[in-house]
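Below are the chains, spelled out letter by letter.
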Amino acid sequence: MTTASAARDAPEATGPARPGGYFPGFEILRAIAAAMVVVHHADNLAGGVRHGLAHELAAVGDSGVAVFFVLSGFLIYRPFAAAHLAGRRGQRAVAFWWRRVLRIVPAYWVVLSTFWALGSFRLGDDWWRYYLFVQSYSRETALGGVVQAWSLCTEMSFYLLVPAFAALLARLGGRGLRARVGVQLGAIAVLFASAFVAREAIERVAPSYRGLSFQWLPMNLDLFASGMALAVVSAWAAHDERLRSRLDALARWAEPWWLAALALFTWYAVAVGPAASFEVGYVGWFWQRRQLVLAAMTLLLLVPAVFGPSERRGLRAVWSIRPLAWVGTVSYGLYLWHFDWMKRAIPHTDAFGATSWPGWFRSPDLAASVPLLLAVGFGVGLVFAAASWYLLEQPLQRFKGLLDPVPLRRSGPDPEASRTASGALGGPGPAR
């Protein structure tokens, strides 16, 4: 999942790295990440033995979740980093959590309730775990319900961590911009390294939990930390014109960065491939290498979307393709809805041989057709994603500023109070 939803309110979550405080390339990255997951699930549901580069790429398409995690690390943490580097107070934890709950929870609950009512899965007596995002911590419920929602559990854990982490660094302070940058990057480096330690600890101390723990935040902290580090550098560049110009020059052409990301991903798909299973696959160097490769691949995608010229020429012209940007806009809904609709397209019988649902494709050949499953995943998935966005997700955003502090009226202008009233996090003010 990961979570396609990470900071959908991007103009507010990002800072003034570009005119208007918006990173247009991020919509395309969200669309790419969601598409990777849809392709992976279609290939997986089709079953059978297939060969070729397309299948090898699809087999590791679940890496789209890692892209969401790195994106989330950047978008969620950048306002906190920007506030710290500017010597301002960061967003209040309660207001931050309210925005995250409003963005994530209602849409997920609708999807979970809909497919539970349709009989796509049974939640049993532990139904509450799925609604509270704690299903990933029990062997009985892990990967149950809306399967891909395990990434939402990881995201929610990250949201709980961020305000406390930011508050700790604010206390550590640092005199001057460079000192604060050093504090930020040093602490994030600790987070990054802790993921490797956590994975090694699970393997040595509790190896039977490998297949469960890959869903937990500590095992994925390096992915979030990668995005957080880039967020700090981006916020730093907003204060340092010399650094900004160097980074812009480095990312002048997006093509080499994205080609390098594609080459790295292709090498990984062909030379390494997916885990044989969750229990035996996530182990040793395979697990560590997977995280390193996916973090590096996503950073290669992000750099030209964060730095470089704002003119949309060359590869950046892709960012102006409205249908692709729209898919990025509704990507959270696509991520949530697509898989269970694809599953319902295939006839399903339970352990006792009873038919749970007849499926839409009765022919075994059609049921095993990747193109048909992709048509369901993208076609039906996008229809429901659009309905979710326009009827639920977008309307709810009008309440996101509900718990923001109300600025006190003063007799004279106060720049700091004005910044707080307008968001104070490097972007436009919250909708009141």
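Residues numbered from 1 in each chain as written. Predicted model: local features only at pLDDT ≥ 70, side-chain atom pairs only at ≥ 80, totals over all residues. Heavy atoms only, no water.

Topic: the overall build of the chain
A count of helices and strands for the chain gives 19 helices and two strands. With 432 residues in all, the chain has 53% of them scored as buried. When contacts within the chain are restricted to residue pairs at least 6 apart in sequence, long-range pairs at least 24 apart make up 76% of them. Total accessible area computed for the chain in this model is approximately 18,900 Å², and 65% of it derives from carbon and sulfur atoms. (Helix = DSSP H or I, 4+ residues; strand = E, 2+ residues; numbered from the N terminus. Buried < 20%, exposed > 50% of the residue type's maximum accessible area, 1.4 Å probe, protein only. Contact = heavy atoms within 4.5 Å. Areas by Shrake-Rupley, 256 points an atom, 1.4 Å probe, with all protein chains shown as cover.)

A word on helix α15 (residues 322-329)
Of the positions making up α15, those classed as buried are A325, V327, G328 and T329. Here the buried face of α15 lies against α2 (25-46), α16 (331-344) and α18 (370-396).

Some points on the confidence of the model for the chain
Across the chain, pLDDT averages 85, with 85% of residues at or above 70. Segment residues 1-20: pLDDT under 50, and 99 contacts once partners within four positions in sequence are set aside and those in other chains are kept. Note on residues 408-432: pLDDT is under 50 here. Beyond four places in sequence and across chains, it has 44 contacts. (pLDDT = per-residue confidence, 0-100.)

Some words on helix α12 (residues 254-272)
Taking 1.5 Å per residue as the helical rise, α12 with its 19 residues ought to reach 27 Å, and the 27 Å between its terminal C-alpha atoms agrees with that figure. When α12 is considered as a whole, its buried residues turn out to be A254, W257, W258, A261, F265, Y268, A269 and V272. Seen along its axis, α12 keeps its buried residues to an arc of 115°; they face one direction. Exposed side of α12, more than 90 degrees from the buried face: L259 and A271 are the residues found there. In the segment just after α12, G273 is the residue with positive phi, at about 80°. (Expected span 1.5 Å × (residues − 1). Arc of directions from axis to C-beta.)

Concerning the packing of α2 against α16
It is the contact of α2 with α16, at a shortest axis distance of 10 Å, that shows an interaxial angle of 10°. As the angle between them shows, α2 and α16 are arranged roughly parallel. Contact residues: R30, A34, V37, V38, H41, A42 and L45 in α2; S331, L334, Y335, H338, F339, M342 and K343 in α16. Along the lines of polarity and charge, the residues of the contact of α2 with α16 split into nine nonpolar, three polar and two charged. (Axes fitted to C-alpha atoms, helices over the stretch in contact; angles between N-to-C directions. Parallel < 35°, antiparallel > 145°, perpendicular 65-115°, else oblique. Nonpolar A, V, L, I, M, F, W, Y, C, P; charged D, E, K, R; others polar.)

Some remarks on the environment of W319
Examined against the element boundaries, W319 turns out to sit in the loop between α14 (284-306) and α15. Once residues within four sequence positions are removed from consideration, W319 is found in contact with P24, G25, I28, W258, P304, A305 and R312.

Points about the packing of aromatic side chains
One pair of aromatic rings is described through two measures. These are the centre distance and the angle between the planes. The final tally for this structure, using the stated rule, is 25 aromatic pairs. Judged by centre distance (6.4 Å) and plane angle (45°), the ring pair of Y209 and W216 falls under tilted. When its relative accessible area of 33% is taken as the criterion, Y209 is described as partly exposed. For W216, a relative accessible area of 17% gives the class buried. (Phe/Tyr/Trp six-rings, centres within 6.5 Å; stacked < 30°, edge-to-face > 60°.)

Observations regarding unusual backbone geometry
For residues besides glycine, phi is generally negative; the peptide bonds are generally trans as well. Backbone geometry at F133 places phi at a positive 65°, although glycine is not the residue there. By secondary structure assignment, the location of F133 is in the loop between α6 (127-131) and α7 (150-172). Phi is positive for L143, which is not a glycine, with a value near 60°. When you line up the elements, L143 lands in the loop between α6 and α7.

Re the environment of W267
In this fold, W267 is placed in helix α12. Taking the relative accessible area as the measure of exposure, W267 reaches 40% and is therefore partly exposed. When the C-alpha atoms of W267 and L57 are compared, they prove to be 9.5 Å apart, with 210 residues separating the residues in sequence. For W267, the contacting residues outside a window of four places in its chain are V272, R289 and V293.

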